[in-house]
Amino acid sequence: MWFIAILVPQSALTIPGRVIMATVVGFTGIVFILAGAIAFRVAGTTVNPMQPSKTSSIVTGGVYRISRNPMYIGFLLILLSWALLLSNIVSLAGLPLFVWYMNRFQIILEEQALIAKFGTEYVAYTKSVRRWL
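The rules behind the values
Residues numbered from 1 in each chain as written. Predicted model: local features only at pLDDT ≥ 70, side-chain atom pairs only at ≥ 80, totals over all residues. Heavy atoms only, no water. Helix = DSSP H or I, 4+ residues; strand = E, 2+ residues; numbered from the N terminus. Buried < 20%, exposed > 50% of the residue type's maximum accessible area, 1.4 Å probe, protein only. Phe/Tyr/Trp six-rings, centres within 6.5 Å; stacked < 30°, edge-to-face > 60°. Expected span 1.5 Å × (residues − 1). Bend = angle between axes of the 7 residues up to and from the residue. Contact = heavy atoms within 4.5 Å. Polar contact = N/O pair within 3.5 Å; in protein donor to acceptor, adjacent residues only side chain to side chain. Core = buried A, V, L, I, M, F, W, Y, C linked by side-chain atoms within 4.5 Å. Axes fitted to C-alpha atoms, helices over the stretch in contact; angles between N-to-C directions. Parallel < 35°, antiparallel > 145°, perpendicular 65-115°, else oblique. Left-handed = near helix turned anticlockwise from the far one by under 90°. Salt bridge = Lys/Arg side-chain N within 4 Å of Asp/Glu carboxyl O.

**What about unusual backbone geometry?**
- A positive phi angle, near 50°, is found at Ser-87, a position not held by glycine.
- Note that Ser-87 resides in the loop between helix H3 (70-86) and helix H4 (89-92).
- Overall, Ser-87 belongs to the buried group, its relative accessible area being 5%.

The structure is reproduced here in structure tokens:
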């Protein structure tokens, strides 16, 4: 994002209060990440997204009542915070790419592993809670 902002300086935006907004958005992202990770730890399951087979339970409480992927939302908010600080429209365009990439190469694979492990219990959860927000 930073490199893009340097390459395309003519895409710079004027965002009044951008530092305050970026701080609030970034802090909110950190809260989402921590809330998700803490919920996993309390449930005694892995927080490692690269090893969904080590998941011992489906976490449905806390922040997982509003999103199946609060930690990824947290990362997205941190990227949004960075984009706000950079104040470049082309940098902002990277955010949908992040969502697409995470869906395609991480989340779908995680969900397939969780369906294989927990079956209808996880499918029911996916029908009651959105993937993002």
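**Here's the deal with the packing of aromatic side chains**
- Here the structure, examined in full by the defined rule, presents 5 aromatic pairs.
- Judged by centre distance (5.0 Å) and plane angle (40°), the rings of Tyr-101 and Phe-105 are tilted. In this pair, Tyr-101 and Phe-105 are both assigned in helix H5 (residues 94-118), 4 residues apart and thus about one turn of the helix distant.
- A relative accessible area of 45% places Tyr-101 in the partly exposed class.
- Their ring planes at 55° and their centres at 5.9 Å tell us that Tyr-122 and Tyr-125 sit as a pair that is tilted.

**Thoughts on H5**
- For H5, which comprises 25 residues, the first-to-last C-alpha distance of 34 Å matches the rise-based estimate of 36 Å (1.5 Å per residue) to within 8%.
- At Asn-103, H5 shows its strongest bend, of approximately 45°.
- Every buried residue of H5 is accounted for by Leu-95, Phe-98, Met-102, Asn-103, Gln-106, Ile-107, Glu-110, Glu-111, Leu-114 and Phe-118.
- Summarising the contacts, the buried residues of H5 are in contact with H3, H4 and helix H6 (120-128).
- Two residues or fewer after H5 comes Gly-119, characterised by a positive phi angle close to 60°.

**Looking at the side chain of Thr-55**
- Inspection of the secondary structure assignment puts Thr-55 in the loop between helix H2 (18-43) and H3.
- In this structure the side chain of Thr-55 is engaged in a polar contact, spanning 2.8 Å, whose partner is the backbone oxygen of Pro-52.
- If we ignore the near neighbours within four places in the chain, the residues touching Thr-55 are Thr-45, Thr-46, Leu-114, Lys-117 and Phe-118.

**Focus on the nonpolar core**
- Counting residues in each nonpolar core, the largest one holds 26 residues, and the members touching the most others are Tyr-64, Met-102, Tyr-122, Tyr-125 and Trp-132.
- Among the elements of the structure, H2, H3, H5 and H6 are those that each provide at least two residues to this core.
- With residues up to four places along the chain from it excluded, the contact list for Tyr-64 reads Gly-36, Ala-39, Phe-40, Val-59, Pro-70, Met-71, Tyr-125 and Val-129.

**Quick word on the packing of H3 against H5**
- Two numbers describe how H3 lies on H5: the axes approach to 11 Å, and their chain directions differ by 165°. By the angle class used here, H3 and H5 are roughly antiparallel. Two packed elements cross with a definite hand, and for H3 against H5 that hand is right-handed. Contacts from Tyr-72, Phe-75, Leu-76, Leu-79 and Leu-80 of H3 reach H5 at Leu-95, Phe-98, Val-99, Met-102, Gln-106, Ile-107 and Glu-110.

**Quick notes on the pattern of salt bridges**
- For the structure shown, the criterion picks out 2 salt bridges.
- The partner of Arg-68 in a salt bridge is Glu-111, and the shortest N-O contact between them spans 2.6 Å. Note that Arg-68 is positioned in the loop between H2 and H3 and Glu-111 in helix H5, a separation of 43 residues in sequence.
- With a relative accessible area of 9%, Glu-111 lands in the buried category.
- Glu-111 is the salt-bridge partner of Arg-131, the closest N and O atoms lying 2.6 Å from each other. Placement of the pair is Arg-131 in the segment after H6 and Glu-111 in helix H5, with a sequence separation of 20 residues.
- Through salt bridges with shared partners, one network takes in Arg-68, Glu-111 and Arg-131.

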